[in-house]
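Letter by letter, the chains look like this.
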Amino acid sequence: MALRSCAFHTIFRKKAGRHNVATFDDRDILRKASFGTVVESLLSFTREAFLSLHESTHLPWWALITVVTVTTKAVSFPLMAMSQKNSLKCLVLAPYVEKYSGQIKSKIDEEAFRYRWSERRKRRIYAYNMGRVFRDVYEKQGCHPYRSHAIVVFQLPVWFSYSVTIRDLSLFRGIAETAGTLTGADQVGMKCEGLYWFTDLTTPDPYYIIPVLIGLSNYAIFKVKLEVRVVL
């Protein structure tokens, strides 16, 4: 595979007036404020959705949480299947990419020694040619390593908002209390709408059964994925 060096252009921009330029501290504050606003809006929407579902369906909290979780997993299943299929394709093609990577690196080292290239130029040329390899190998097979992260991009904000919302509801956060007689948890039924040994959802599991089950299930999923990779 022939090497191609890419041209890099430096764009010079005139500085604006001092009164129109925001400092780095100001920009950092604005970014944090914008991110905080987005997170707060997401949590507020999720909280209102849970409360509305609880009021309209009349399901106890343990059943509502289970239904929402299963429904979300069902909705995300096609995306998860696509990500798994993409990961398997990338895993099969990885040896070919590593082979091309070694050849490109060896060729670049030879050219760099001959023409006295700097390390920066070597890295740029290597990155450019590896980009060509990715296009030739992965895209022709209809896969790309980044696509395997699609399920994470979808699930991370969803499960984060679910977890924080349920925690806030159990800790009475974001719930207006009535005339001093009922606490927030009493209003939404968190104190009495549990199941089996965890009837009170405002307190941790006293026997640690749920955390242990979650840990074992995650470990089992990890082992299954690891065995699939070993077989391939």
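Scoring rules and cut-offs
Residues numbered from 1 in each chain as written. Predicted model: local features only at pLDDT ≥ 70, side-chain atom pairs only at ≥ 80, totals over all residues. Heavy atoms only, no water. Core = buried A, V, L, I, M, F, W, Y, C linked by side-chain atoms within 4.5 Å. Buried < 20%, exposed > 50% of the residue type's maximum accessible area, 1.4 Å probe, protein only. Helix = DSSP H or I, 4+ residues; strand = E, 2+ residues; numbered from the N terminus. Contact = heavy atoms within 4.5 Å. Axes fitted to C-alpha atoms, helices over the stretch in contact; angles between N-to-C directions. Parallel < 35°, antiparallel > 145°, perpendicular 65-115°, else oblique. Left-handed = near helix turned anticlockwise from the far one by under 90°. pLDDT = per-residue confidence, 0-100.

S.K.: Is there a simple way to think about the nonpolar core in this case?
M.R.: Here is a general trend for soluble globular proteins: nonpolar side chains tend to be buried in one another's company. By size, the foremost hydrophobic cluster in this structure holds 13 residues, and its most contacted members are Val97, Val133 and Tyr138. Elements supplying a minimum of two residues to this core: helix H2 (61-115) and helix H3 (119-137). At six residues, H2 tops the list of elements feeding residues into this core. Setting aside its immediate chain neighbours within four residues, tyrosine 138 contacts Cys90, Leu93, Ala94, Val97, Val133, Cys143, His144 and Pro145.

S.K.: What is the right way to read the packing of H2 against H3 from this model?
M.R.: How two helices pack is summed up by the angle between their axes together with the distance between the axes. Here H2 crosses H3 at 150°, and the two axes come no closer than 10 Å. Overall, the two elements H2 and H3 adopt an arrangement that is roughly antiparallel. Between H2 and H3 lies a crossing whose hand is right-handed. Here Leu93, Val97, Tyr100, Ser101, Ile104, Lys105, Ile108, Asp109 and Ala112 of H2 come into contact with H3, specifically with Lys122, Ile125, Tyr126, Asn129, Met130, Val133, Phe134 and Val137.

S.K.: What should I look at first to understand the confidence of the model for the protein in this one?
M.R.: Atomic detail in the predicted coordinates should be set aside for any region of low pLDDT. Counting all residues, the mean pLDDT for the protein is 78, and 76% of those residues have values of 70 or more. When mean pLDDT is taken per element in the protein, H2 scores highest with 89 and helix H5 (residues 184-188) scores lowest with 54. Every residue in residues 4-22 scores below 50 in pLDDT, and together they form 12 contacts with partners more than four places removed in sequence or on other chains. Throughout residues 177-183 the model reports pLDDT below 50, and contacts reaching past four residues in sequence, or to other chains, amount to seven contacts.

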